[in-house]
Structures are given as structure tokens and as C-alpha cells.
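In case you want the letters, here they are:
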Amino acid sequence: MLLKYSLILALCLAAVAVSNAERARYDNYRVYKVTASNVKELAFLKKMEDSSDSLIFLEGVHDVNNEIEVVVAPHKLPDFLKALEDNGIDYVLIEYNLQAHLDKDDVTQIASRAGGYGWKEYYELDTTYTWLQSLPSSYPGIVTLIEGGKSYEKRSILGVKISYKNGQSQKPGIFLEAGIHAREWIAPATATYIINQLLTSENDTIADLARNYDWYIFPHANPDGYVYTHTTNRLWRKTRQPHGTCYGADPNRNWGFYWNTVGASSNECSDTYAGPNEFSELETLSLSKYIKSLEGKIQLYISFHSYSQYVLYPYGHTNELPGNVEDFDRVFNVTVAAIGQRYGTKYTGGNIYDAIYPAAGASVDWAYANVGTRMSFCLELRPGPNSIITGFRLPAAQIIPTGEETLDGLAAMINEVKTLGYFV
Ligand SMILES: *[C@@H]1O[C@H](CO)[C@@H](O)[C@H](O)[C@H]1NC(C)=O
Ligand SMILES: *[C@@H]1O[C@H](CO)[C@@H](O)[C@H](O)[C@H]1NC(C)=O
Ligand SMILES: [Zn+2]
């Protein structure tokens, strides 16, 4: 008996050890704000960003006099601080223990598998996929499941097409992609909120949006990465394909348009690794093929990310403006105004290169240049800029307000795109 119990106990302890070892933890990882006051200091920070994965630069190193948030592994702390001091770079400690914050999320943010589907918590991939799979039978003849190919770990990139059969044989098309960056949980949550509103809202504006357009919506463009943020590392951003000694490429630096020319890394371990070649990731390759198959059927392309509250349009690889920039600007203006109306949420933005930073290989640029979608936008959802620690972890209580204001913005965006004559 005793032996048996000891054995069971030993097995349990072994299991605990394994599961602890597998989940990334950030115990005693500190978070600092650092600021480069000249180009020399900026260059030093860029070098740091690219050379060590014991340091996580949460927003990337782009501008002088801009606060940059860095997560520092405990063993790296002495050298990190010495290097900053040796180079005269200012820093402020803003958090002692990142893990304490992540632990809080685990109990309050993630829905149990047993509950129904809603927008008060964040869901695991399977739960959302089960909900998506239930929609065709709840809305027969209106919702069909679509697949944007497969992920590296052989998951489906599952989406829905919403198309009311109300006489029009072909309606203008709107493509919405979310979750390409794994840790930006508010993006898929907002996409599913919009799916649900399109199908259930009694508001005439929203019902018209559902009835007058063909919608193609993919809440999880990077399913492997999203699963990994639940099982293993909440701050994961990339895909999960192995590259060299590290894993994953940045799927929003991997599209085949001026690929890896600027604002992406060639270091396999970097969070902005562009991949060994364009479309090296199965997710971007297969989704791009699916999008290409819709050529002529979609006129507006939208990509959801977080965070910083930006509305962005092409290009990311150059400060040259797109030919129809004036139209982009008009749509931008009405969208930002509409998003702010309900809760006063303040968005800014513009062309990617100038408004945030150079970044080549993003989906919105590729879609603009390759499939005839002359209107292509990226929305960086809540929270606002400089939301370190909570940036990628927007409280679940904000999913619905974010969904509401984003839908207000999309309604205004679509109306303006229509007025400008793009939906033909
Ligand atoms: C957009 O709004 C800005 C600021 O109000 C204004 O200067 C600009 O002319 C507007 N652009 C267009 C195309 O309406
Ligand atoms: C209907 O929805 C639109 C778009 O989200 C919104 O701007 C408007 O305020 C809503 N109308 C009502 C009566 O709620
Ligand atoms: Zn993103």
C-alpha cells in the first residue's frame, strides 16, 4: 500500500515538474522604461534588441526620445543596467516581477471550457472554433465555414463567410483578418464580437452592413501562436515553425511585398524575424493563396492588431504615399472620429511608415498591392500607447466596449469607402 501511494505521489510530482518546466515563467523579470536621447544611444538599444532574447523589447526600438519598454531576465539584470549606464542611456524601473501580473490574468481573464460563448472573457482556440463551427447550422444559407489553409502544426485557419442571399448575385466584399500576432488577444475577441453583431444585431446600420456585403472573417490567422500563448508563453508573438536555434517568424513581416527590406530582423530569435524568405510561414503562404482566390471579390481589407489605438494604411516599407492617399486620409478621418464617439477613445495614425515605424512585409501592404483591394487598413486596438505590462493583456471587461467602438469605426469606414466609389 505504502509503496503504491509513494509511487503515485512520485508520479504526481514528476508530472508537476514537467508542466512547470514547460510553461514560460517571468518570475523576477523586471520591466524598465528606457529612452535613447540621441542616434548613438538608439543604435545601441537596437543592437541590444537584436542580440539577446533575455531582453524583450515590447514595442520595438524606433525613435529617439521615445520611451521603450524592456522586460529583463533576472540573470541579465546586472549587465543590462551596466550597459545602459556605460552608454549614458536613461532608464526607470516600472515593475519588479512580471509573473505576478501574468498570474492575475490566469484566474480572471480566461474563460472556463464549460461556460457558453460570450465576450466577457478570452477563449482558448478550440472554444472559438467550436463556436464558429456552430454558426452555419444556426444561420443556414447565410454563414459558411471557410479555411485559409493550415498552420505549421496542422491546425485549420478557420473563418466564416457571411453572405445574405437577398437578390444581389455578387456583393462587394470585405476581408477581416485578426490574431496574426499571437499575444494580441483583443484582436480575435473583437473579430468574433463583430461576427456575432453582424448576425444578431437589431441595429439597422449593422444589419445593413451584414446584408449588403460579403464578409470573410478570420479571427485566428496564427492559431499555433495563439495556442502557445495559452499553454506556454503568454507573451509569444510569432508562428511556431522552427528556424535555426529558435522558433517562429513574425507573420506580419513575412508577406511577399518588399519583404525584409526594412523594419524586420534577420535574426531567427528576434520577435520581428522576417523568416528565411517571403511566405516561409505556412500561415501567410496559405492565407495569401486564399485571399488571392478572392481577387475581384474583395474591395476592403482590414487587419486587427493591438495595441496603441492606431488606424494605419499603406505603406510600411517606404514613406512614399499610396496613389490614393487622399482617399485613405478621408476614410481615416471619419473612422477615427467614429471610434471616438461612444467612449471618447482617442485613435491616431496614418501611413504605417510615418505614423509608427518602417515595417515591410505586412499583410495590409501585400493585400493593397496584390489583390486589387485599393482600401486596406490595419487597426491597432486598445489600449493606448505606452500601456506597458497591460498592453497585450487588456482586461476582459473591455472586450465589449472595444467591440462596440470598433464596429462604430468600421461602419463609418465602410460608408466612406462606399461614398468614394470603391465598392464596385
Ligand atoms: C483629415 O483631418 C485633418 C485634421 O482635421 C485635416 O487636416 C485633413 O485635411 C483631413 N483630410 C481629409 C482628406 O479630409
Ligand atoms: C447603430 O450602430 C451604429 C454603428 O455601430 C452606431 O453608430 C449607432 O449609434 C447605433 N444606433 C443605435 C440606435 O444604437
Ligand atoms: Zn500586431
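As the structure is a computational prediction, the values presented were derived from the model and not from experiment.

Moving on, we come to the site of ligand 2. Around ligand 2, the neighbouring residues are Asn203, Ile206, Asp408 and Ala411. Here asparagine 203 contributes a side-chain N or O atom positioned 2.3 Å from an oxygen atom of ligand 2. Contact distances for ligand 2 include 2.5 Å between an oxygen atom and a side-chain N or O atom of aspartate 408. A per-class count over the shell around ligand 2 returns 2 nonpolar, 1 polar and 1 charged.

The next subject is the packing of aromatic side chains. Under the definition given, this model contains 27 aromatic pairs. Geometrically, the ring pair formed by phenylalanine 218 and tyrosine 290 is edge-to-face, given 5.5 Å between the ring centres and 80° between the ring planes. With a gap of 72 residues between them, phenylalanine 218 in strand E8 (residues 214-218) and tyrosine 290 in helix H9 (residues 282-292) connect regions that are remote in the sequence. Under the relative-accessibility criterion, phenylalanine 218 is labelled buried at 0%.

Looking now at the domain arrangement of the protein chain. Here the domain parsing of the protein chain yields domain 1 (14-106) and domain 2 (125-419). Computed from C-alpha coordinates alone, the two centres of domain 1 and domain 2 are separated by 28 Å. Both sides together, the interface formed by domain 1 and domain 2 hides about 1800 Å², and carbon and sulfur atoms give 51% of it. It is Asp50, Leu58 and Glu59 that lose the most area in domain 1 upon contact with domain 2, and together they represent 28% of the buried surface on that side.

Moving on, we come to the site of ligand 1. In the vicinity of ligand 1, the contacting residues are Glu326, Asp329, Arg330 and Asn333. Here a nitrogen atom of ligand 1 and a side-chain polar atom of aspartate 329 are 3.4 Å apart. For ligand 1, the accessible surface in isolation is 360 Å², of which the surrounding protein chains cover 34%.

So, about the coordination of the zinc ion (ligand 3). Here the zinc ion (ligand 3) is held by the protein donor atoms His181 (ND1), Glu184 (OE), Glu184 (OE) and His305 (ND1), which lie 2.1 to 2.3 Å from it. Around the zinc ion (ligand 3), the 4 donor atoms are arranged such that angles at the metal cover 58 to 150°; this shape is classified as irregular. The sequence pattern formed by the donor residues of the zinc ion (ligand 3) is H-x2-E-x120-H.

This part takes up the state of the cysteines. Every disulfide links exactly two cysteines, by a covalent bond between their sulfur atoms. Overall, the coordinates contain 1 disulfide when judged by the stated rule. The disulfide that involves cysteine 246 links it to cysteine 269, with 2.1 Å between the sulfurs. Disulfide cysteine 246 to cysteine 269: torsion about the S-S bond roughly 85°, handedness right-handed. Linking cysteine 246 in strand E10 (residues 246-247) with cysteine 269 in the loop between E10 and H9, this pair joins segments that are 23 residues apart in sequence. The exposure class of cysteine 246 is buried, given its relative accessible area of 13%.

About the thresholds
- Residues numbered from 1 in each chain as written.
- Chains lettered and ligands numbered in written order.
- Predicted model: local features only at pLDDT ≥ 70, side-chain atom pairs only at ≥ 80, totals over all residues.
- Heavy atoms only, no water.
- Near = heavy atom within 4 Å.
- Polar contact = N/O pair within 3.5 Å; in protein donor to acceptor, adjacent residues only side chain to side chain.
- Nonpolar A, V, L, I, M, F, W, Y, C, P; charged D, E, K, R; others polar.
- Phe/Tyr/Trp six-rings, centres within 6.5 Å; stacked < 30°, edge-to-face > 60°.
- Helix = DSSP H or I, 4+ residues; strand = E, 2+ residues; numbered from the N terminus.
- Buried < 20%, exposed > 50% of the residue type's maximum accessible area, 1.4 Å probe, protein only.
- Domains from an automatic or database assignment.
- Buried area = accessible area lost by both parts, 1.4 Å probe.
- Areas by Shrake-Rupley, 256 points an atom, 1.4 Å probe, with all protein chains shown as cover.
- Donors = N, O, S within 2.8 Å, 3.2 Å for Na, K, Ca; no water.
- Tetrahedral: all angles 85-135°; square planar, octahedral: opposite > 155°, others 65-115°.
- Disulfide = S-S within 2.5 Å.

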